[in-house]
Amino acid sequence: MRGEAERLLRDLVQRNPGDRRMIRMLGNVLQNRQAYAEALAVYRQAAALPGGDARAELYGAEMLEKLGRPDEADAAADRSLAVQTTGAAGLFKVNLARKRGDLAKARAELAK
């Protein structure tokens, strides 16, 4: 089933390269099969569209964290917040700082 979903989404993205929702859905399918690097590339594709994409930046941040790249994950969460302030991106930054053992930064992120 996932293979078929991925194939269909790839086709839709190819036919509609500016549809950030379709691109993010493809990234989600890739994430679900733990293809984190490929999902990151797809989320970056959505984030690069005109106007940016806060969700794609945040999902990319999650992939970067899974890939063991926390500094880049933090920067991606900042880009997400620059496009649109969301509680999800802020909470991601809090948890990332906490996981890294930087409780002072986690508290500072909570205070924002």
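Presented here is a report on the structure given in the accompanying data block. Going along each chain's sequence as written, the residues are numbered from 1 onward. Owing to the predicted nature of the model, reporting of local features is limited to residues with pLDDT of at least 70; listing and counting of side-chain atom pairs is limited to 80 or more, with chain, interface and lining totals taken over all residues. As a convention, hydrogens and water are excluded, and side-chain values are obtained from all of the structure's heavy atoms.

**What to know about the overall build of the protein chain**
Part 1: Numbering of helices and strands runs from the N terminus; a helix is a DSSP stretch of H or I covering at least four residues, while a strand is a stretch of E covering at least two. Summing up its helical and strand segments, the protein chain has seven helices and zero strands in all.
Part 2: Taken from the N to the C terminus, the helices and strands of the protein chain come in the order α-α-α-α-α-α-α.
Part 3: For the protein chain, the C-alpha atoms occupy an extent of roughly 45 × 30 × 20 Å along the three principal directions.
Part 4: Note on classification: 1.4 Å probe, protein chains only; a residue is buried when its accessible area is under 20% of the maximum for its type, exposed when over 50%, partly exposed between these limits. For the protein chain, with 112 residues in total, the buried portion stands at 39%.
Part 5: By definition in these notes, contact holds between two residues if any of their heavy atoms fall within 4.5 Å. Taking contacts inside the protein chain between residues at least 6 apart in sequence as the whole, the part at least 24 apart equals 42%.
Part 6: Surface summary for the protein chain: the accessible area is close to 6,500 Å², and the carbon and sulfur share equals 52%.
Part 7: For the protein chain, the separation between the mean place of its 20 positive charges and that of its 15 negative charges on side chains is 2 Å. All accessible-area figures derive from a Shrake-Rupley calculation using a 1.4 Å probe, and residue coverage is judged against the displayed protein chains alone. The charge count treats Lys and Arg as positive and Asp and Glu as negative. His and the chain ends do not count. The atom standing in for a charge is NZ when the residue is Lys, CZ when it is Arg, CG when it is Asp and CD when it is Glu.

**Thoughts on the pattern of salt bridges**
Part 1: By convention in these notes, a salt bridge is any Lys or Arg side-chain nitrogen within 4 Å of a carboxyl oxygen on Asp or Glu. By the definition in use, this model includes 18 salt bridges.
Part 2: Residues R15 and D11 are paired through a salt bridge, measuring 2.8 Å at the closest nitrogen-oxygen approach. With R15 and D11 both in helix α1 (residues 2–15), this residue pair falls four residues apart, about one helical turn.
Part 3: Given the relative accessible area of 55%, R15 is considered exposed.
Part 4: For D11, a relative accessible area of 33% translates into the label partly exposed.
Part 5: One salt bridge in this structure joins K112 and E109, with 3.4 Å as the shortest N-O distance.
Part 6: A residue is classified by how much of its surface remains accessible, and K112, at 75% relative accessible area, is exposed.
Part 7: Since its relative accessible area comes to 12%, E109 is described here as buried.
Part 8: Salt bridges sharing common partners tie together D74, D78, K93, K105, E109 and K112.

**A closer look at helix α6 (residues 87–99)**
Part 1: The end-to-end C-alpha separation of α6 is 18 Å, in line with the 18 Å expected for 13 residues at 1.5 Å each.
Part 2: The complete set of buried residues in α6 reads A89, F92, K93, V94, L96 and A97.
Part 3: The elements touched by buried residues of α6 are α4 (54–66), α5 (70–83) and α7 (103–111).
Part 4: G101 sits one or two residues past α6 and shows a positive phi near 85°. Each helix should span, by expectation, one fewer than its residue count multiplied by 1.5 Å.

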